[in-house]
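# Structure at a glance
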Amino acid sequence: MSGSNVENAMIPVTRPSMPEFETYVDMIRPLWESRHLSNRGEHVRALEEELEQRLHVPHVSLLTNGHLALETAIDVLGLTGEVITTPFTFASTTHALLRKQLTPVFCDINPIDYTIDVNQIEALITERTSAILPVHVYGNVCDVEAIERIAKRYGLHVLYDAAHAFGVRHDGRDIATFGDLTMFSFHATKVFHTIEGGALTFQDDRFVHAIHQAVNFGITGPETVESVGGNAKMNEFQAAMGRCNLARIDIEIDKRRRLVERYDERLRDAPFLRLNIRNEQTTSNYAYYPVLVMSGRGGRDRMMETLAQNGILARKYFYPLVTDFDCYTFDAIVPNATYVSDRVITLPLYPDMTMEMVDRVCDVILEGGNE
Ligand SMILES: *Cc1c(COP(=O)(O)O)cnc(C)c1O
């Protein structure tokens, strides 16, 4: 490739990581014989076991996507009334609550790692509160100890949205093991993916059958339908992709780590940026590279434009806040979340990105950033 091609090539914000084509074909070839394409086939069962080992958690249930995993978790926990959650998240988290006729109560985030501010949760608890739904945003771990203490004291359920946090460990313990249930997304853009897909992880045996019923119409036998379940089954092609990707996940996370270290090295001293702080107790999965543009929304938007003019497609993730979506009518007062949302850009990051590409992004930011 000539130098000018490299200079002009577009850099997307993310790009799904893929196994070798032949590896995937070998994995799915037997399906043409067996014709067992869905309904807890060999690959779904195998991937559940492989993930239980990988995440050091007694139970993993696979679903067709992360969003339906959230809705299923809400059903299985029997949540009612109000749920305390974060405004700094993807639409799915809040939509899941509303689609299940629950009332989201927004707790502001802390300005350090952008997860739910545990010091503000208790003031929001009422007689109608049934659960807390925090998000390990960007793979940053929530204050899981404080959340557990509050949940115990008030008898609340805890459902974690860990869509960003596959493989993250906290104090040597996998993120999949906290709360009553933890949801993962295995969408193509996530660190580990099954094209589309999701999972619930948990310790309590009694959730196994409840989830199986919820994802397959409540059918429990050839002539028995025990509950009004929906359909959220993962199929064999998704699970086969997951098995191929799981075999390479450590290599992929390591590629991400090296790119993140390069970004850190290049951007650390830029006075107009604030980088994501990674906690000492946390083993990261390097899912995203968020930076805050300290001059505010105008400066952030100008930086987005400069990046776009240079073929670099960064993302304002998350802007607007869910509390400001046109489809809602909330009037939550969440100054920290608003502050971060007005300043954040997530920079391109994916395993196949090259160091030269990281340098190109950094060059554009460092040259244009002080305007
Ligand atoms: C991706 C994502 C989801 C939804 O997962 P899907 O698999 O896309 O349905 C939920 N919450 C957060 C924070 C996400 O990033």
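Residues numbered from 1 in each chain as written. Predicted model: local features only at pLDDT ≥ 70, side-chain atom pairs only at ≥ 80, totals over all residues. Heavy atoms only, no water.

## What about the packing of aromatic side chains?
What describes a pair of aromatic rings is the distance from one ring centre to the other and the angle between the planes of the rings. Evaluation of the coordinates by the stated rule reveals 19 aromatic pairs. Ring centres of Phe 88 and Tyr 114 lie 6.2 Å apart, and the angle between their planes is 65 degrees; this geometry places the pair in the edge-to-face category. Placement of Phe 88 in the loop between strand S2 (82–85) and helix H6 (91–99) and of Tyr 114 in the loop between strand S3 (103–106) and strand S4 (129–133) is noted, with a sequence separation of 26 residues between them. Since its relative accessible area comes to 0%, Phe 88 is described here as buried. Seen in terms of ring centroids, Tyr 263 and Tyr 289 are 4.5 Å apart; in terms of plane orientation they differ by 25 degrees. Their pairing is stacked. Taken together, the residues Tyr 263 in helix H10 (residues 249–267) and Tyr 289 in strand S14 (residues 289–293) connect sequence positions 26 residues apart. Owing to a relative accessible area of 2%, Tyr 289 belongs among the buried residues under this scheme. Through a chain of ring-to-ring contacts, the aromatic side chains of Phe 88, Tyr 114, Tyr 138, Tyr 288, Tyr 317 and Phe 318 assemble into a single cluster. Geometry around Phe 178 places Arg 173 over its ring, the cationic atom sitting 3.9 Å from the centre. (Phe/Tyr/Trp six-rings, centres within 6.5 Å; stacked < 30°, edge-to-face > 60°. Helix = DSSP H or I, 4+ residues; strand = E, 2+ residues; numbered from the N terminus. Buried < 20%, exposed > 50% of the residue type's maximum accessible area, 1.4 Å probe, protein only. Lys NZ or Arg CZ within 6 Å of the ring centre and 35° of its normal.)

## Some details on the site of the ligand
As a structural note, the neighbourhood of the ligand is formed by 16 residues, with Gly 66, His 67, Asp 161, Ser 185 and Lys 190 the closest of them. Between the ligand and Ser 185 there is a distance of 2.7 Å, counted from an oxygen atom to a side-chain nitrogen or oxygen. Protein chains bury 93% of the 380 Å² of accessible surface belonging to the ligand in isolation. Using a 2 Å cut-off from the grid points, one finds that the ligand occupies the largest pocket. Of all the secondary-structure elements, those providing two or more residues to the shell around the ligand are helix H5 (66–77), H6 and strand S8 (181–185). (Near = heavy atom within 4 Å. Polar contact = N/O pair within 3.5 Å; in protein donor to acceptor, adjacent residues only side chain to side chain. Areas by Shrake-Rupley, 256 points an atom, 1.4 Å probe, with all protein chains shown as cover. 1 Å grid on protein atoms, 1.4 Å probe; cavity = no way out; pocket = protein on both sides within 12 Å on 5 of 7 lines; lining within 4 Å. Sits in = over half its atoms within 2 Å of the grid points.)

## Focus on empty space enclosed by the protein
A full pass over the atoms with the stated rule returns three cavities of 30 Å³ or more. By volume, the largest cavity amounts to about 60 Å³. Taken together, Tyr 138, Gly 139, Asn 140, Val 260, Asn 276, Arg 278, Ser 284, Tyr 286 and Tyr 288 make up the full set of residues lining the largest cavity. Estimates place the volume of the second largest cavity at around 40 Å³. (Points joined across faces, edges and corners; volume = space filled by probe spheres on them.)

## Focus: the sheet that holds S4
An order of S1-S9-S8-S5-S4-S2-S3 is seen for the seven strands of this open sheet, with the pairing classed as mixed. A strand with exactly one partner marks an edge of an open sheet, and here the two such strands are strand S1 (59–63) and S3. Across this sheet, the average inter-strand angle for adjacent strands is 25 degrees, counted without regard to direction. The pairing of S2 with S4 spans four bridges and is classified as parallel. (Pairing = 2+ DSSP bridges. Axes fitted to C-alpha atoms, helices over the stretch in contact; angles between N-to-C directions.)

## A look at the pattern of salt bridges
All told, the structure shown has 25 salt bridges when counted by the stated rule. Among the ionic pairs, Arg 153 bridges to Glu 122, the shortest N-O distance being 3.0 Å. Residue Arg 153 is found in helix H7 (residues 144–154), and its partner Glu 122 is found in the loop between S3 and S4; the two are separated by 31 residues along the sequence. With relative accessibility at 53%, the residue Arg 153 sits in the exposed group. In this structure, Glu 252 and Arg 248 form a salt bridge, with 3.5 Å as the shortest nitrogen-oxygen distance. Each member of the pair, Glu 252 together with Arg 248, is buried. A network of salt bridges, in which partner residues are shared, links Arg 15, Arg 248, Glu 252, Lys 255 and Asp 352. (Salt bridge = Lys/Arg side-chain N within 4 Å of Asp/Glu carboxyl O.)

## Section: the sheet that holds strand S13 (residues 282–283)
Note on sheets: strands pair through backbone hydrogen bonds, and any given pair is parallel or antiparallel. The antiparallel open sheet is built from three strands, whose spatial order is S7-S6-S13. In this open sheet, the two strands that pair with only one neighbour each are strand S7 (173–174) and S13. Looking at chain direction, strand S6 (residues 169–170) and S13 are connected through two bridges and run antiparallel. Considered in S13, the bridge of His 170 is made with Thr 282.

## Describing the nonpolar core
Judged by nonpolar contacts, the single largest core of 92 residues is most densely connected at Phe 88, Ile 121, Leu 273 and Leu 347. Split by domain, this core shows at least three residues from each of two domains, domain 1 (21–246) and domain 2 (249–368). Apart from the residues within four sequence positions on either side, Ile 121 is in contact with Ile 84, Cys 107, Ile 116, Ile 132, Ile 147 and Ile 150. Among the nonpolar cores identified, the runner-up in size contains 25 residues, and Ile 74, Leu 97, Phe 202 and Val 215 belong to it. (Core = buried A, V, L, I, M, F, W, Y, C linked by side-chain atoms within 4.5 Å. Domains from an automatic or database assignment. Contact = heavy atoms within 4.5 Å.)

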